[in-house]
Amino acid sequence: APTPPPAQVRKPAEAMLTQCQNSRGFVELLVAILTDTTHPIDEDTRLMGVILLKNTVMKHWKASNRNRGTAYTLAPDEKAALKQFLLMHFEDKSDKVSAQLSIVVAKIARFDWPTDWPELFPTLLTVIHQGSDLAIARGVYTLHKVLKELSSKRLMMDKKAFTAISVQLFPIVRELWRKFSDQLLQMLASWGPTDGSDGSQPTAGVVDPGLEASVIPLAILVKQLVKVLYYSVIHGLPQFADPSLMPEAVAPIDPNTPPPTLADLGSFLSSLLEHNQCLFRIVTGRLSQDMATDPAGYDAACDRPLVKQLRKLLYRMAVIPVDAQKDYPLAFCPFLGVYLDFYYGLLLALYQNLPTPPHSSSITTGKSWYPSTPATSPASLERL
C-alpha cells in the first residue's frame, strides 16, 4: 500500500481543497479533469476528482439552516452546467468513476427532482433505449441509484411523487427486463445441461470461459432492471389494485402509455416466476454437472463468477414477491398461491434431487451449495 503523506504535507493540502470547495469554478475544474482527453490522467486521480465532486454537491448544492449565509452555495449556472454534463456522460470507461457519477446524479435528484429537474427521467430512459451497450448499462445503474435515493425521502409530498414515478416506470422497465432476460436465458441455454424433458436428446452443458465472460454483463444488467422493478412493484402495488389512488404529483413520462393495472402486474409476476424457474434449473443443473464431473470441485463451482452473478439475480427476483406479500398482503393475495407452490417445490428439489454437498457442514466452510433464497441466503448476499 502507498505510504500516506506526512501530516505537515497532508493538512495544508486538505485546507486548500476545503478552500477550493468554497470557491466558484471548482465544480467546473473537476468536470474538466473527468473529461480531459488531451492529457493522460490516471484512474486514481479521476476517481479522487469524482469523489470530490460528490462531496461538493452534498455540501454546497443547497444551503442548510446551519450554514445559511456563511457557506458557499453553487450558483444556478454552475448547477445547470453540471446537470447537463451528467446527463450526457454515460460512457465513461472506468466502472469506479461511472459508479460515483451515478451517485452524484442521485444526490442531485434528491435536492431538485421533480420541480427543478423534470427532464431527469425522460433523459435516462432515452439513454437506456437508444444508447450503446455501455450507455445502457450505465443508464440502468443510474436509474436504480436515483430511485434508491428518492425512496428514502420521508415527506408526504416526496413520497407521493416517488410513488407516481415508480408506477409510470413500471410498463417501460418491464418490457426492457423481459427483452434482456429472454436474451440471458437464450445465451445460457448452451451453458446449462438439458435433461431431455422437451423431447430432445439430453446434453451436457458447455464450459466456455468466453461465453461466461460475455454473459456476466448481461446478467448484471438484468439484475439492475429487477432492482428498478422492485421499487415499482413495492411502492405501486396499492395503485395497481385501485388506480384511483394514483397521486398526480409528477408529469407523465409518456402521455400515450396508459397507467398499469392489476392485470399488468399479474402478467409481470407470472413472467418473473417463469424466468425464475428457468434460471434456477440452469444454475442447479450446471452446479450438479460440475459436481458429478469433479466431486472435489465444490469451491470452484460456487466461486465461478457467472454462478455468483446468477445466484444474486435469483435472490433479487425472489425479493419482489416476498416483500410484496409482506407489505401488502391483501393486494398480493391473488398471486400468493402460485408462489407458495413454486417455493414448496423448490424446497423439495433442494433436498431430494440435488447431490449431497461434499462438505459435511456449510457452517465450517462459510459457503452455501444451493442457489440462495431470501430465507436461506448468507448474510453477505442479503446486502446485495
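Because the structure is a prediction, the values reported are computed rather than measured. (Residues numbered from 1 in each chain as written. Predicted model: local features only at pLDDT ≥ 70, side-chain atom pairs only at ≥ 80, totals over all residues. Heavy atoms only, no water.)

Trainee: So what's going on with the packing of helix H3 (residues 43-60) against helix H5 (residues 95-112)? Residues and values would help.
Mentor: Close contact between H3 and H5 brings their axes to 9 Å; oriented N to C, the two are set at 10°. The orientation of H3 with respect to H5, classified from their angle, is roughly parallel. Listed contacts from H5 to Glu43, Arg46, Leu47, Val50, Ile51, Leu53, Lys54, Val57 and Met58 of H3 are Lys96, Val97, Gln100, Leu101, Ile103, Val104, Lys107, Ile108 and Phe111. Its residues assigned to classes, the contact of H3 with H5 comprises 12 nonpolar, one polar and five charged. (Axes fitted to C-alpha atoms, helices over the stretch in contact; angles between N-to-C directions. Helix = DSSP H or I, 4+ residues; strand = E, 2+ residues; numbered from the N terminus. Parallel < 35°, antiparallel > 145°, perpendicular 65-115°, else oblique. Contact = heavy atoms within 4.5 Å. Nonpolar A, V, L, I, M, F, W, Y, C, P; charged D, E, K, R; others polar.)

Trainee: Which residues make up the confidence of the model for the protein, and what values do they have?
Mentor: Here the protein shows a mean pLDDT of 82. Residues at 70 or above account for 82%. Every residue in residues 198-204 is under pLDDT 50, and counting partners more than four places away or in other chains gives eight contacts. (pLDDT = per-residue confidence, 0-100.)

Trainee: Please give an account of the packing of aromatic side chains that cites residues and values.
Mentor: Taken as a whole and assessed by the stated rule, the structure comprises nine aromatic pairs. Aromatic pair tryptophan 113 and phenylalanine 121: ring centres 5.2 Å apart, planes at 75°, arrangement edge-to-face. Taking the relative accessible area as the measure of exposure, tryptophan 113 reaches 7% and is therefore buried. Consider the rings of tryptophan 177 and phenylalanine 268, whose centres lie 5.4 Å apart with planes at 75°: the pair is edge-to-face. In this pair, tryptophan 177 is assigned in helix H8 (residues 156-188) and phenylalanine 268 in helix H10 (residues 262-293), connecting sequence segments 91 residues apart. On the basis of relative accessible area, tryptophan 177 is assigned to the buried category, the value being 0%. (Phe/Tyr/Trp six-rings, centres within 6.5 Å; stacked < 30°, edge-to-face > 60°. Buried < 20%, exposed > 50% of the residue type's maximum accessible area, 1.4 Å probe, protein only.)

Trainee: Can you lay out the side chain of serine 166 for me, pointing to particular residues and giving the numbers?
Mentor: Here serine 166 is to be found in helix H8. Residues within four places of serine 166 in sequence aside, it is in contact with Tyr231, Ser232 and His235.

Trainee: Summarise the pattern of salt bridges; cite the residues concerned and give the values.
Mentor: Between side chains of opposite charge, a pair can form when the charged atoms approach closely. Following the criterion strictly, the structure yields 12 salt bridges and no others. A salt bridge links glutamate 212 to arginine 304, with the shortest nitrogen-to-oxygen separation between them at 3.5 Å. Taken together, the residues span a long stretch of sequence, with glutamate 212 in helix H9 (residues 209-241) and arginine 304 in the loop between helix H11 (298-303) and helix H12 (305-327) at a distance of 92 residues. Given a relative accessible area of 17%, arginine 304 falls into the buried group. Salt-bridge contacts for lysine 326 lead to aspartate 323; the nearest nitrogen and oxygen are separated by 3.7 Å. (Salt bridge = Lys/Arg side-chain N within 4 Å of Asp/Glu carboxyl O.)

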